[in-house]
Amino acid sequence: MPQEENPTVLLAYPETVNGPNLLQPLFSSAIFDAGLAMSRWTNSAITLSLDGIYECPPADVCRELNLDGELLTIVLLDLEGELGGTIVLIFTERDGRRLASSLLDIAASDDPEWTELECSALAETGNILFCAFADAITRLINRPLLPSVPVFVKGCNVDEIRNATVKRIPDRDTVLICRTGFHCERDAMAWNVLFIPTVALHAEMEAAVQPYSKRW
Amino acid sequence: MERTLLVVDDAAILRAKIKEAATSIGWMVVGEARNGKEAVELFMRLRPAATTLDLVMPEYDGIYALREILAADPNAKVIVVSAIEQKAVLRDAWSLGAADFIIKPFTKQVLVNAIANFAPSEKRLATSTF
């Protein structure tokens with residue numbers, strides 16, 4: 001299928017260096033660093049994989065990530081400074097709870113009320129993941145990307161995630177999704193990362209990798 | 001001077017981890033703060049031997065606290081504990097006078113070593129008195 005007929009599946013055409021595909025090496029590096037940070041944080045072998053880079057309208061984000069119908073927990077963090085953006089870490093409630101219990105070394109709770117420590121465990125997971133991600137991008141573009149305080153929200157539905165996403169990217173009519181797979185030991189986990197750069201940051205990242213693309 | 005520590009981080013899980021590491025080597029956590037403003041207030045009141053300080057926190061951040069604490073006590077031992085590993089941020093923290101910088105996520109051993117470096121030494125204090 002020609003690329004223009006299916007603009008959301010760009011990694012299927014590795015010979016193409018236009019559009020988001022150009023950013024593949026950058027995201028691969030960021031995801032590698034984020035995987036190391038996550039392994040240290042969780043004290044287990046967490047592997048992250050770059051499963052795809054997509055551009056899609058904000059309204060389609062949840063469908064692209066197969067999130068429809070799930071009750072979700074998110075950690076959201078904005079990149080502050082001249083070049084902005086947003087990163088969202090999305091878990092199912094069950095996976096979020098499992099991660100929190102593992103980090104706190106306690107049995108997973110089914111109490112609908114989360115404790116301060118549980119909320120903090122997930123917010124800090126987002127913070128550590130996103131900082132590793134932002135640090136890797138910063139090394140390439142040579143401009144600071146300072147993350148905000150992470151915001152933890154539980155019990156979200158897809159509409160709330162969609163609205164939060166649209167609100168944060170007034171200058172964009174598409175969202176860049178860096179689809180990231182998470183594995184703990186050999187088990188796949190239902191975690192997702194959305195990286196939504198502003199137009200300015202997106203352009204800066206593409207300009208930074210452009211010189212290298214000629215070698216591919 | 002006693003081995004007293006002020007822990008500043010908006011994340012409860014990290015305050016708990018730092019507290020656990022510090023107490024395991026005989027330090028006493030005398031205060032916990034969730035933002036830069038609380039950190040400065042507690043530092044002025046408690047005058048701890050060392051302080052661990054997160055950078056990104058709500059309302060008043062760690063850079064604000066670092067500046068205020070060192071203005072009040074230029075010899076204060078402030079260990080910055082942050083997930084941000086960017087040149088500009090590290091440079092700012094060092095230039096303001098941070099005593100050490102630990103990148104999150106850290107192992108307990110790294111944290112313990114950093115805190116132990118700032119243990120007040122009775123022998124050294126006695127020598128310097130004379």
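Residues numbered from 1 in each chain as written. Chains lettered and ligands numbered in written order. Predicted model: local features only at pLDDT ≥ 70, side-chain atom pairs only at ≥ 80, totals over all residues. Heavy atoms only, no water.

1. A short note on the packing of aromatic side chains
Here is step 1 of the chain: Under the definition given, this model contains seven aromatic pairs over all chains.
Here is step 2 of the chain: For the pair A:Phe91 and A:Trp191, a centre-to-centre distance of 5.2 Å together with 80° between the ring planes defines the contact as edge-to-face. Separated by 100 residues along the polypeptide, A:Phe91 in strand E3 (residues 85-92) and A:Trp191 in strand E8 (residues 191-197) bring together distant segments of the chain.
Here is step 3 of the chain: You can call A:Phe91 buried: its relative accessible area is 0%.
Here is step 4 of the chain: An aromatic cluster is built from A:Phe27, A:Phe133 and A:Phe195, whose rings are joined through pairwise contacts.
Here is step 5 of the chain: For B:Lys17, the ring lying beneath its charged end belongs to A:Trp41, and the centroid distance is 5.7 Å. (Phe/Tyr/Trp six-rings, centres within 6.5 Å; stacked < 30°, edge-to-face > 60°. Helix = DSSP H or I, 4+ residues; strand = E, 2+ residues; numbered from the N terminus. Buried < 20%, exposed > 50% of the residue type's maximum accessible area, 1.4 Å probe, protein only. Lys NZ or Arg CZ within 6 Å of the ring centre and 35° of its normal.)

2. Looking at the sheet that holds strand E1 (residues 4-8) of chain B
Residues and elements named next belong to chain B.
Here is step 1 of the chain: Within the open sheet, the five strands sit side by side as E2-E1-E3-E4-E5. Their pairing is parallel. Two strands in the sheet have a free side with no partner beyond their single neighbour: strand E2 (28-33) and strand E5 (100-103). Across this sheet, the average inter-strand angle for adjacent strands is 20°, counted without regard to direction.
Here is step 2 of the chain: One ladder, built from five bridges, connects E1 with E2; its direction is parallel. (Pairing = 2+ DSSP bridges. Axes fitted to C-alpha atoms, helices over the stretch in contact; angles between N-to-C directions.)

3. A word on the interface of chain A and chain B
Here is step 1 of the chain: Each partner contributes residues to the interface: chain A has 23 residues there, and chain B has 19 residues.
Here is step 2 of the chain: The contact between chain A and chain B buries some 1,700 Å² in all, and 62% of this surface belongs to carbon and sulfur atoms.
Here is step 3 of the chain: A per-residue breakdown of the area chain A buries against chain B is headed by A:Trp41, A:Asp135 and A:Val149, which together make up 27% of the total.
Here is step 4 of the chain: Inspection of the chain A/chain B interface yields three salt bridges. (Contact = heavy atoms within 4.5 Å. Buried area = accessible area lost by both parts, 1.4 Å probe. Salt bridge = Lys/Arg side-chain N within 4 Å of Asp/Glu carboxyl O.)

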